[in-house]
Amino acid sequence: MQTYYQEFHRSDRILIDHLVVRALPEILTNYPSLGSLTPLAPVNQLTSVIRSRWFDQEVIAFLERYPDAVVVNLGAKLCTRRWRLPILPQHWYDVDEPAVMRLRQTYFTIALREEDLVYHPLDFSWMQAVKRQPGQPMVIVLEGLCMYLDPVQVGALFQAVAQTFPKAHLLFDTVSPRLITLDQRTFRGCSGGCHGQPNFLGDGPLQFKWGLSAVEEFESWGLEVSVVQVMHYLQQIVDYPERIDTWMIQFWPLLEPLLRDSAQIYHLQL
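The structure reproduced in this document is the subject of the present report. Note that the structure is a prediction, hence the values are computed from the model and not measured.

**Some details on the side chain of Glu143**
Alright, step 1. By secondary structure assignment, the location of Glu143 is in the loop between β4 (138–142) and α7 (151–164).
Alright, step 2. With near-sequence residues (within four places) excluded, Glu143 lies in contact with Tyr4, Arg51, Ser52, Phe55, Arg81, Leu171 and Asp173.

**With respect to helix α5 (residues 98–107)**
Alright, step 1. By the burial criterion, the buried members of α5 are Val100, Met101, Leu103, Arg104 and Tyr107. The arc that holds the buried residues of α5, viewed along the axis, is 155°, so those residues lie on one side. Set apart from the buried face of α5 by more than 90 degrees, the exposed residues are Arg102 and Thr106.
Alright, step 2. Buried positions along α5 lie against α2 (18–30), α4 (81–84), β2 (91–96) and β3 (116–118).

**Some remarks on the sheet that holds strand β6 (residues 226–231)**
Alright, step 1. Strand order across the open sheet formed by seven strands is β3-β2-β1-β4-β5-β7-β6, with mixed pairing between neighbours. Each edge of the open sheet carries a strand with a single partner, namely β3 and β6. Neighbour-to-neighbour, the strand axes of the sheet open up by a mean angle of 20°, direction not taken into account.
Alright, step 2. As judged from the four bridges shared by β4 and strand β5 (residues 169–175), these two strands associate in the parallel manner. Of the residues in β5, the one forming a bridge with Val139 is His169.
Alright, step 3. Across the face of the sheet, helix α10 (residues 252–262) comes into contact with β5 and β7 (263–269) while running at roughly 45° to β7.

**A word on α7**
Alright, step 1. With 14 residues, α7 extends 20 Å from end C-alpha to end C-alpha; this agrees with the ideal 20 Å at 1.5 Å per step.
Alright, step 2. Looking at α7, one finds that the buried residues are Val154, Gly155, Leu157, Phe158, Ala160, Val161 and Ala162.
Alright, step 3. On its buried face, α7 is in contact with β1 (70–74), α6 (126–129), β4 and β5.
Alright, step 4. A distance of 3.0 Å separates the backbone nitrogen of Val152 from a side-chain oxygen at the start of α7, and that oxygen is part of Asp150.

Parameters and conventions
Residues numbered from 1 in each chain as written. Predicted model: local features only at pLDDT ≥ 70, side-chain atom pairs only at ≥ 80, totals over all residues. Heavy atoms only, no water. Helix = DSSP H or I, 4+ residues; strand = E, 2+ residues; numbered from the N terminus. Contact = heavy atoms within 4.5 Å. Buried < 20%, exposed > 50% of the residue type's maximum accessible area, 1.4 Å probe, protein only. Arc of directions from axis to C-beta. Pairing = 2+ DSSP bridges. Axes fitted to C-alpha atoms, helices over the stretch in contact; angles between N-to-C directions. Expected span 1.5 Å × (residues − 1). Polar contact = N/O pair within 3.5 Å; in protein donor to acceptor, adjacent residues only side chain to side chain.

Structure follows, in structure tokens:
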């Protein structure tokens, strides 16, 4: 949310979220452990909004093609995408654990909706609560979730989704395996942890645990997937030269292949 709040106040903003601007100051006043409004590093700010905008665009395109589609926002945290879209989704489920859903109810909705599912993402009971007609189009959005699960958890989650929701689409972001190794080394070298991504509920820092090197990894889980699109979104920062350091532009031919393989967003169909 802090990313969207800062972006709103930029004259060159590329993503607008009115709900965040209204709700975030009050949330941080009442829950200071969730963070502060300290500005993010410019490159981190830019990459975050580029990533979120791509998720927005993919969901919009899916709903334009399938207006009656079911959308599941898994591991919702304080995601405000449902209110940010120009299309009103008819079947939108937000799924997360009780503490998160209490915050969402307090600041985003008047009452708990039937589609607000109070489950941990790895408690697969949420799948039984989602209402989907046979053959009904479905997309499950897992933004900022999979890289913090271990490989066994990711495999179990995707296998359960494939079994329960055949032909469903998946939108998720991930990092390269080499970043997992780097992140683990960083943790070992820091007293008390020093990763830049805090845990949402303030229970300590989060650590990268899973990265995808190739889609073929799904075959090891017994899954057959179709690749709809792969987005190497870090490459897009060069499209905003006024928002990145000069040295990055100068050394872009060297940086581009590194950034291309560091993080991706996948749109797959099971």
